[in-house]
Amino acid sequence: MHRSRITGVGHYQPARVLTNEDLAGLVDTSDEWITSRVGIRTRRIAGPDEPVDELAAHAAAKALAAAGAAPGEVDLVLVATSTAIDRSPNMAARVAARLGMAAPATLDINVVCAGFTHALASADHAVRAGAARRALVIGADKMSDVTDWTDRTTCVLVGDGAGAAVVEPCAPDAEPGIGPVLWGSVPEMGHAVRIEGTPPRFAQEGQSVYRWATTKLPAVAREVCARAGTDPADLAAVVLHQANLRIIEPLAERIGAHRAVVARDVTESGNTSAASIPLALAKLVERGAVGSGDPVLLFGFGGNLSYAGQVVRCP
C-alpha cells in the first residue's frame, strides 16, 4: 500500500465580477442584506462560452505546473461537479482531451458541495491500492447555469470557478500527506439541497442546512482530525466548504482550531459548490498563508446532506 500526498494545487475563476450592488439591480436585495446573512460581497460568473470543463482545465493546468508534472503523466482524472449538462462525454474526459492526456481513467463524481473531498479520498485510495500512480483531482462548477436569477434567496449565493490538486505516492518512509477520510450523508434529508427540473435549477432549505451544519458537523470534523492523529489546535488552516460565513466561522470555532487560518474565500467568490474547497486551498497556498507540510483540515458538506473530510499536508 502506497501512502499519498498532494504535490500541487491550482485554481481558476472567470473574469466577470458580479457585486452585491449588481444583484440589487436584478432582484429585491441590497449589499447590507446579503453581507449580513451570508457574508458574500462579490462572486465570479462565467460567460456562455466558458463551459465547466474549460474552468476545470485551467485549474488543472495550474496544479500540474505547480507539481512539476506533465499532462501525459496523469493516469487518473476525477472531476467533482454537479453542473454537467451533458451525460457524455463526462467532464473528466473533456478535461483530459483539453489537456492532451494519453489514456487516463476518467470519472465524474457528483456529491455537490462535498464533491472535492469525496474525489480526493477516492484518488488517495486509488494511489494507495496501486491503481493509479498520479491522479488529477478537480472541483469545478458553473452554478450560474443552474440558478434562477429572479430568486433572491439563491441567486445571491452562487459563483463559478474551479480548483485542482495533483495526488502522487509518498516516499516509503514519509508520513502520509492525505489522512483517512470520514464521509457520510443524511439520505432522508436529501431534499434540503436540490438541483432539479428541466432546465435544472438550484434550490435549498436554508434554515435546515444551517441548523445541520452548525449543530451536527463540528463533532464530525473533530473526528476527522482524530482519525488523522492531529489535534485541532495544531492545524495550520481550516478549509471548509465555502457556503456561508455564518456557517464557516462558528463551525471552525467549535472544531477547536483556535490558531488556524480559516479560509473565508466565500466573501469574494460566493458558493462555488465542488470548486469551493480546492479554490480556497489554492489561494491560501498561493499567498503563503500556509507552508509546505502544514496540516490543513479540508471538510466538505452540503448537497444530499453529505459530508467528507480529511487532514492533508500542504504541498
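Here the structure is shown first, and the text comes after it.
Described in the following lines is the structure provided in the data block. On a predicted model such as this, the values are computed, not experimentally measured, just so you know.

1. Concerning the sheet that holds strand S5 (residues 105–109)
Here's step 1: Reading across the sheet, the five strands line up as S1-S7-S6-S4-S5 and stay open at both edges, with mixed pairing between neighbours. Where the open sheet ends on each side, the last strands, each with one partner, are strand S1 (4–12) and S5. With direction set aside, neighbouring strand axes in the sheet form an average angle of 20°.
Here's step 2: Inspection of the sheet shows strand S4 (residues 76–80) paired to S5 by five bridges, in the parallel sense. Counted as the bridge partner of Val77 is Thr106 from S5.
Here's step 3: Contacts from helix H3 (residues 52–67) reach S1, strand S6 (135–142) and strand S7 (160–169), with the element oriented near 130° to S1.
Here's step 4: In the packing of helix H4 (residues 91–99) onto the sheet, the strands contacted are S4, S5 and S6, and the crossing angle to S5 comes to about 135°.

2. Digging into the environment of Cys113
Here's step 1: Here Cys113 is to be found in the loop between S5 and helix H5 (115–128).
Here's step 2: As a C-alpha pair, Cys113 and Ala61 span 52 residues in sequence and 22 Å in three-dimensional space.
Here's step 3: For Cys113, the residues in contact, after removing those within four places along its chain, are His241, Ser273, Ala274, Gly300, Phe301, Gly302 and Gly303.

3. Some remarks on the side chain of Thr154
Here's step 1: Take Thr154: it is sitting in helix H6 (residues 152–155).
Here's step 2: Within the structure, the side chain of Thr154 is placed 3.1 Å from the side chain of Asp151, a separation counted as a polar contact.
Here's step 3: Not counting residues up to four positions away in its chain, the partners in contact with Thr154 are Asp148, Phe202 and Ala203.

4. Comments concerning unusual backbone geometry
Here's step 1: Of note, the bond from Ser88 into Pro89 is cis; its omega dihedral lies within 30 degrees of zero at 0°.
Here's step 2: Relative to the helices and strands, Pro89 resides in the loop between S4 and H4.
Here's step 3: Of note, the bond from Thr198 into Pro199 is cis; its omega dihedral lies within 30 degrees of zero at 0°.
Here's step 4: Looking at the secondary structure, you find Pro199 in the loop between strand S9 (193–196) and strand S10 (201–204).
Here's step 5: Its identity is not glycine, yet Val112 carries a phi of approximately 50°, on the positive side.
Here's step 6: Structurally, the position occupied by Val112 is in the loop between S5 and H5.
Here's step 7: Judged by its relative accessible area of 13%, Val112 is buried.
Here's step 8: One non-glycine residue with positive phi stands out, namely Asn304, at about 70°.
Here's step 9: Summarising the element assignment, Asn304 is placed in the loop between strand S13 (295–302) and strand S14 (306–313).

Parameters at a glance
Residues numbered from 1 in each chain as written. Predicted model: local features only at pLDDT ≥ 70, side-chain atom pairs only at ≥ 80, totals over all residues. Heavy atoms only, no water. Pairing = 2+ DSSP bridges. Helix = DSSP H or I, 4+ residues; strand = E, 2+ residues; numbered from the N terminus. Axes fitted to C-alpha atoms, helices over the stretch in contact; angles between N-to-C directions. Contact = heavy atoms within 4.5 Å. Polar contact = N/O pair within 3.5 Å; in protein donor to acceptor, adjacent residues only side chain to side chain. Buried < 20%, exposed > 50% of the residue type's maximum accessible area, 1.4 Å probe, protein only.

Shape is all these values report; function is a separate question.
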